[in-house]
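Each chain, letter by letter, is given below.
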Amino acid sequence: MFKELVSVPFVYRIAVKRALTGYVLNQGDGSVKIVVEGEKKNIDDFLEVLKNDKPPISKYTSINVKFMNYRGEFSTFKIKKSKKKTKKSGISYIPPDIAICKECLHELFDPNDRRYLYPFIACSICGPRFTIIFDLPYDRDKTTMVDFPLCPECAREYEDPLDRRFHAQVIACPVCGPKMVLCDKNGEVIDDEEPLKTAGKLIDEGYILAIRGIGGTHIATKTTEDDPVLTLRERRRRPWQPFAIMAPDINVVRSFAEVSKVEEELLTSFRRPIVALKKSDEYYLSEWISPGLHTIGVMLPYSGFHYMLFRYTKEPAVIMTSGNLPREPMAITNEDALKRLRNIADYFLLHNRRIYQRCDDSVIRVVDGLPKFLRRSRGYVPEPIILPFKSSVVVLGTGPELRVTGAVLLEDRCFLTQHIGDVEILETLEFLKESLFHMMKLTRVKKPDIIACDLHPLFLTTRLAKELAEQWNIDVVKVQHHFAHMVKLLVEHKIPLDENIVCIVADGVGYGLDGKPWGGEIFVGSYNWFERRGHLEPQPMPGGDLAAKYPARMVAGILSKVLSMEELREILLDKCIKGFKKGEIELNIVLSQISKKINLTETTSAGRVLDAISALLGICFERTYEGEPAMRLESIATLGDPSKAKVTVSIEQDGGTYVINTTNILLDVLEESKKARREHVAAAAQEALAKGLVSAAINIAMEEGIKIIGFSGGVAYNEAITKTIRKEVEKYKLKFISHRLLPPGDGGISAGQTVATAMGYR
Ligand SMILES: [Zn+2]
Ligand SMILES: [Zn+2]
Ligand SMILES: [Zn+2]
């Protein structure tokens, strides 16, 4: 009945308060038995509170109530210890970090409370968990709170079963708990009396602050003026990538963004993710927070000191972006923050509680009415994904290269690590390794039976898999990137083992079975096999990876198939010259590369096609962050109407394989851009690509008698494309599945890798 043991003291409290006698028994299999005796009206009241006032993290799958005649068996109410052995002996429940609860928030601002304005206020149902736990069981001496011995008053609350803080491992107060200080760049303390008050003032004055918080460090500054935002962009060397912001409450969020019911539920949940919201017509914050995008990432405060900060700043919202240098993991110690962020922040808000596990904020975007993780981390990790079967082997997964998470799969659970980031340097690789080892410790795995990784031979994560496999003398299984995408979709929908699906996987690039970069794929398969039955037309990438950074090169490559070199040259000069860093000289080099067929790797990536459309329409010529050209294309397309421009798509058959012609899409975009407004062309182009993919998928499903079509990959964050695909699938009375529990992008790849391997894929 209960998901977390913390609920047992809650049951005890509400029973005793209503003068009920009896007991509560944690049965060790996830269910709880409660027997109470007392006045009928008190029992009814007890049930009411049990159902409606439960701790936010508790989930009931069912509550079965049976009334019996009064027997007078009990004189007190007791918490009984379970005699049975836990069925799932190896796996205990490990809670994620939980946002400050209502009661604690009330106490925080109550001048008569002894924790009045105490930034680290928490109780038995709220506060950090995952980020401060270094081992299980979850007791105070296994968390970084062990550094703060309880004062007599806290000890009394901790021992009192009727107190809200009974057995609250994170209990603390101004006398015995962690403390905050405000420092300058040199670590000199400038305020230890009211550091948050001064911090709020400094933000109002336009300074940039580093705030060491719960699972890492944020960089904060004001949002109502361009200057501080632009300064931050310069110092972080991050010209375009959006920053997340924090606003004090949902009403303030509504003053600059549109908030749907689903989005509101996400924002206010105890998990407190960042939610990408549509900017409203009244949007009044700096455009430089998320330049060129129609969305802005917003979260609500999740700890006492966040709420205090908003008490002291006049800003309606504050930028809260991860405190790291480009490509590096976030700083988590005071020393590290001071050292690595000294050229970014003017002041440092620090504290003396250790952060054991770094954990970035989670990021979600609601697409076609369903939440899609861009990043599954704080508030969700380490909750496992439950599999529809039990694995006989323990599998470790190291993920791909970008937006990596690792995974540990055992029995019927897959535990994903927190968001690691792009594993391109040793610092992030080390972070991945540590996080995997920590997850193994929490799940009591000493050594896995097998390791899964990406098929790409050069990824650092592939190298890590090999090293660990040698060390443990176990096998490595390489799982094709887009197949891993498909399997993570199968598993989160608990698709039966004997049911095949058709899956569209559209993203940037992943290493294909033929060694070429794939990325616009249609597979048929299940958990342990797949067949490539369709894909986008292979397109040349002049200059290889440079074509991903500068999408005008993709335009050149694609259109070179149908235009003469002279025509192509003219069009590129007219439409895309900004996309060639050194202007005409570079353009000429690219054209000669194309005509001599030098360095022209071919890719079926959907991302590269969207990038090319973005460049051809003059929307984005340089990718300064992953997905940028396609994201900015989508933002322009939201203003357009696809029926107002004519972009068509054709599908060819090559043997048994469907190939979606993308050259004609680009050619139509070129023609239409002469007549129609670019937002209409953008919308029509996205729709054409979606229709090409889904038509091929439907054909394959019909041929194979398959009932389910799935959609995964980074392109699945695109709302218009997702909607088009879903609607087409439903027109044919087939079932459409997309991600809700795992990121559509690469953040969930490790789950796909481990599940496929557990199911025997080789
Ligand atoms: Zn609380
Ligand atoms: Zn205390
Ligand atoms: Zn991918």
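Rules of the game
Residues numbered from 1 in each chain as written. Chains lettered and ligands numbered in written order. Predicted model: local features only at pLDDT ≥ 70, side-chain atom pairs only at ≥ 80, totals over all residues. Heavy atoms only, no water. Core = buried A, V, L, I, M, F, W, Y, C linked by side-chain atoms within 4.5 Å. Buried < 20%, exposed > 50% of the residue type's maximum accessible area, 1.4 Å probe, protein only. Helix = DSSP H or I, 4+ residues; strand = E, 2+ residues; numbered from the N terminus. Contact = heavy atoms within 4.5 Å. Donors = N, O, S within 2.8 Å, 3.2 Å for Na, K, Ca; no water. Tetrahedral: all angles 85-135°; square planar, octahedral: opposite > 155°, others 65-115°. Axes fitted to C-alpha atoms, helices over the stretch in contact; angles between N-to-C directions. Left-handed = near helix turned anticlockwise from the far one by under 90°. Nonpolar A, V, L, I, M, F, W, Y, C, P; charged D, E, K, R; others polar. Salt bridge = Lys/Arg side-chain N within 4 Å of Asp/Glu carboxyl O.

1. Considerations on the nonpolar core
If you look at the biggest cluster of nonpolar residues, it comprises 79 residues, and the most contacted ones within it are Leu196, Ile211, Met320, Leu396, Val408 and Ile451. Looking at this core, the element that brings in the most residues is helix α11 (residues 426–442), giving 7 residues. When neighbours within four sequence positions are excluded, Ile451 is seen to be in contact with Leu396, Thr398, Ala465, Leu468, Ala469, Trp472, Ile474, Asp475, Val476 and Val477.

2. Some details on the coordination of the zinc ion (ligand 1)
For the zinc ion (ligand 1), the protein coordination sphere consists of Cys101 (SG), Cys104 (SG), Cys123 (SG) and Cys126 (SG), at 2.3 Å. Around the zinc ion (ligand 1) sit 4 donor atoms, and with donor-metal-donor angles ranging over 106 to 118° the site reads as tetrahedral. Look at Cys104 and you get buried, because its relative accessible area is 0%. Given the relative accessible area of 0%, Cys126 is considered buried.

3. Here we look at the packing of helix α15 (residues 552–559) against helix α17 (residues 584–596)
The geometry of α15 relative to α17 is characterised by a closest axis approach of 10 Å and an angle of 35° between their N-to-C directions. The two elements α15 and α17 meet at a crossing, and its hand is right-handed. Where α15 abuts α17, its residues Arg553, Ala556 and Gly557 lie against Glu586, Val590, Gln593 and Ile594. For the contact of α15 with α17, the residue count by class is 3 nonpolar, 2 polar and 2 charged.

4. A look at the coordination of the zinc ion (ligand 2)
Under ideal tetrahedral coordination, the four donors around a metal are separated by 109.5 degrees; under ideal octahedral coordination, the six donors are separated by 90 or 180 degrees. Every protein donor of the zinc ion (ligand 2) is listed here as Cys151 (SG), Cys154 (SG), Cys173 (SG) and Cys176 (SG), and their distances to the metal cover 2.2 to 2.4 Å. Taken together, the 4 donor atoms coordinating the zinc ion (ligand 2) and their angles of 103 to 117° define a geometry best described as tetrahedral. When the donor residues of the zinc ion (ligand 2) are listed from N- to C-terminus, their spacing reads C-x2-C-x18-C-x2-C. Here Cys151 is found in the loop between α3 (102–108) and α4 (152–159), whereas its partner Cys176 is found in the loop between α4 and β4 (180–184), with 25 residues between them in sequence. On the accessibility criterion, Cys151 (9% relative accessible area) is buried. On the basis of relative accessible area, Cys176 is assigned to the buried category, the value being 8%.

5. Details of the pattern of salt bridges
The tally for this structure, following the rule as stated, stands at 43 salt bridges. With its nearest N and O atoms 3.4 Å apart, the salt bridge here joins Arg156 to Glu153. Of this pair, Arg156 and Glu153 both sit in helix α4, 3 residues apart, which is roughly one turn of the helix. Two residues, Arg553 and Glu586, come together in a salt bridge whose shortest N-O distance is 3.1 Å. With Arg553 in helix α15 and Glu586 in helix α17, the pair connects residues that are 33 residues apart, well separated along the chain.

Keep in mind these numbers describe shape, not what the thing actually does.
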